[in-house]
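Read off the chains here:
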Amino acid sequence: GSLVVMYTRETREAMSTAEEALAREDLQAVAAAVHSVKSSSGYVGAREVVEVSENILAACRMGELAKVKPLLMEFGSAFARAESALAKEARPAN
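Thresholds applied
Residues numbered from 1 in each chain as written. Predicted model: local features only at pLDDT ≥ 70, side-chain atom pairs only at ≥ 80, totals over all residues. Heavy atoms only, no water. Axes fitted to C-alpha atoms, helices over the stretch in contact; angles between N-to-C directions. Helix = DSSP H or I, 4+ residues; strand = E, 2+ residues; numbered from the N terminus. Parallel < 35°, antiparallel > 145°, perpendicular 65-115°, else oblique. Left-handed = near helix turned anticlockwise from the far one by under 90°. Contact = heavy atoms within 4.5 Å. Nonpolar A, V, L, I, M, F, W, Y, C, P; charged D, E, K, R; others polar. Expected span 1.5 Å × (residues − 1). Buried < 20%, exposed > 50% of the residue type's maximum accessible area, 1.4 Å probe, protein only. Core = buried A, V, L, I, M, F, W, Y, C linked by side-chain atoms within 4.5 Å.

## Observations regarding the packing of helix H2 (residues 27-43) against helix H3 (residues 47-61)
A pair of packed helices is captured by two measures, namely the crossing angle of their axes and the spacing between those axes.
Next, step 1: Relative to each other, H2 and H3 sit at 155°, their axes nearing to 9 Å. Considering their axes alone, H2 and H3 lie roughly antiparallel with respect to each other. Of the two elements, H2 crosses H3, and the hand of that crossing is left-handed. Together, Leu 27, Val 30, Ala 31, Val 34, His 35, Lys 38, Ser 41 and Gly 42 of H2 and Val 49, Val 50, Ser 53, Glu 54, Ile 56, Leu 57 and Cys 60 of H3 make up the contact between the two elements.
Next, step 2: Its residues assigned to classes, the contact of H2 with H3 shows nine nonpolar, four polar and two charged.

Rendered as structure tokens:
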């Protein structure tokens, strides 16, 4: 219910923030945005999002700008799959 709605909203905001930070080549801000939703992704069971988040954080720590852009795209795809799965779980069974 509301937890999923909140998670979805926060993750979308974090993705937007991370993309804006990447455009400025600010890896510290990318990492901060991604880190902000990593634990909540784990809490709602979005394991793929957690894994991609960890890869993004590692690339940011290593200063690997070229790796971050495709990882952020992967993050978006993983989040879309998680969002779809969470929406199905949230629907009441008939």
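## A few points about helix H4 (residues 65-90)
Next, step 1: Its 26 residues give H4 an end-to-end C-alpha distance of 37 Å, which sits within 8% of 38 Å, the value for a rise of 1.5 Å per residue.
Next, step 2: Here H4 has its buried residues at Val 68, Leu 71, Leu 72, Phe 75, Ala 78, Phe 79, Ala 82 and Leu 86.
Next, step 3: Of the surrounding secondary structure, the elements contacted by the buried residues of H4 are helix H1 (2-23), H2 and H3.

## Focus on the nonpolar core
Next, step 1: One finds Val 30, Val 34, Val 49, Ile 56, Val 68 and Phe 75 to be the most contacted residues of the largest nonpolar core, which totals 30 residues.
Next, step 2: Sort the elements by how many residues they give to this core and H4 lands first, with eight residues.
Next, step 3: Filtering out sequence-adjacent residues up to four positions away, Val 68 remains in contact with Leu 22, Leu 27, Val 30, Ala 59 and Cys 60.

Note that all results are geometric; they support no functional claim without further evidence.
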